[in-house]
Amino acid sequence: MTFYQLWDLNIKKIKMSTKVEYRNSLGSIVTEQQKNNLSEHFKLTYDLDTNKLKTKLHYFDKNVINEGVYYMDPNEDITNVITQINPSHRWGIMSDLQVINGYKVWRRNYFQNGELSDVYSKEVFNTNVDYVAGMGYDNNDQPTRGSYKKFDLSNKNMIDEDGDVVGVFEDGDIVTFGYGSDGSFTVRSSNTDIFFKPYITLQSFLESQQNGFVMNLMTQEMKEYYLNFQPLVPPF
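In this text, all values refer to a predicted model and were calculated from it rather than measured experimentally.

Peer 1: Explain the overall build of the chain to me, please; I cannot follow it from the model alone.
Peer 2: Scanning the chain from N- to C-terminus turns up five helices and 14 strands. By principal-axis analysis of the C-alpha atoms, the chain measures approximately 70 × 45 × 30 Å. Evaluated residue by residue, the chain yields a buried proportion of 39% over its 236 residues. Partitioning the contacts of the chain with sequence separation of at least 6, the portion at a separation of at least 24 is 31%. Surface accessibility of the chain: about 13700 Å² in total, with carbon and sulfur atoms responsible for 47%. Measuring between centres, the 23 positive side-chain charges of the chain sit 7 Å from its 31 negative side-chain charges.

This is how it looks when you write it as structure tokens:
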């Protein structure tokens, strides 16, 4: 029996009753036929008994898998999980789910080329399962690998320095705040109408964007969150 036949048998053991769903890159549900016409899509598998998401596969074109994500239940063991998933692509294995301030916080372990990394991340998702923030930890459980925070601007008003609404952001517009383990800072926008190029210091960002579209949407509590390395989970 080949390795992949054994892998198929293992998957059948853990599959039980499942539901499959397809989504596009913006997170909208699409049909199986529609996903075949997309340059990338996601295949989500749910456990029908619990309605919990179990796997999420990111596809390029029709058949090329970029990455898989496996969501562990509390009674599962990661050692057993890595014997059940297909090792031909990389995986993020999510475990130790916590709910903090209404956000879901997962631990993500990395499995690639048959090896489980000794570093990991903690990732934060909101109630819509949108990615909010992440922080990288070393093998001593210290947050030494930097952090990333995403401010979603989708369909929010563009407010100028005079407080006037001058437009609306497009669906999918975001600004990301990155903090390196060396103390570096970077803020990037997905839309050049927000700002054209990344800022690589907090001071330059504040001097230029203090009354810009992004900062005008933030409360003081939000500024304290996004403009600092810690905390990982939003307090709002």
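Peer 1: Before we go on, may I ask you to explain the pairing of strand β12 (residues 165–168) in this structure?
Peer 2: Along a regular strand, successive side chains alternate from one face of the sheet to the other. In this sheet, β12 lies alongside strand β11 (residues 157–159) in antiparallel orientation, the contact comprising three bridges. Within the sheet, the bridge partner assigned to N157 lies in β12 and is V168. The antiparallel pairing of β11 with β12 creates a hairpin that spans five residues between the two strands, and G163 there sits at a positive phi of about 85 degrees.

Peer 1: Would you mind showing me how to read the nonpolar core here?
Peer 2: Across soluble globular proteins, nonpolar side chains have a tendency to be buried as a group. Counting residues in hydrophobic clusters, the biggest one holds 32 residues, and the most contacted among them are F151, F177 and F205. Here this core takes four residues from strand β9 (residues 131–137), the largest share from any one element. Ignoring any residue separated from it by four or fewer positions in sequence, one finds F151 in contact with D173, I174, V175, F177, V214, L217, M218, M222 and Y226.

Peer 1: Just to check I follow, could you spell out the pattern of salt bridges for this structure?
Peer 2: Between side chains of opposite charge, pairing is possible as soon as their charged atoms come close. Considering all chains together, one arrives at five salt bridges under this definition. Between K54 and E76 there is a salt bridge whose closest N-O contact spans 2.8 Å. Of the two residues, K54 is situated in strand β4 (residues 52–60) and E76 in the loop between β5 (64–71) and α3 (78–81); the sequence distance between them amounts to 22 residues. Among the residues examined, K54 registers a relative accessible area of 12% and is labelled buried. We classify E76 as partly exposed; its relative accessible area is 22%. For the salt bridge of R108 with E67, the shortest nitrogen-to-oxygen distance reads 3.6 Å.

What counts, and where the lines are drawn
Residues numbered from 1 in each chain as written. Predicted model: local features only at pLDDT ≥ 70, side-chain atom pairs only at ≥ 80, totals over all residues. Heavy atoms only, no water. Helix = DSSP H or I, 4+ residues; strand = E, 2+ residues; numbered from the N terminus. Buried < 20%, exposed > 50% of the residue type's maximum accessible area, 1.4 Å probe, protein only. Contact = heavy atoms within 4.5 Å. Areas by Shrake-Rupley, 256 points an atom, 1.4 Å probe, with all protein chains shown as cover. Lys, Arg positive; Asp, Glu negative; His and termini not counted. Charge placed at Lys NZ, Arg CZ, Asp CG, Glu CD. Pairing = 2+ DSSP bridges. Core = buried A, V, L, I, M, F, W, Y, C linked by side-chain atoms within 4.5 Å. Salt bridge = Lys/Arg side-chain N within 4 Å of Asp/Glu carboxyl O.

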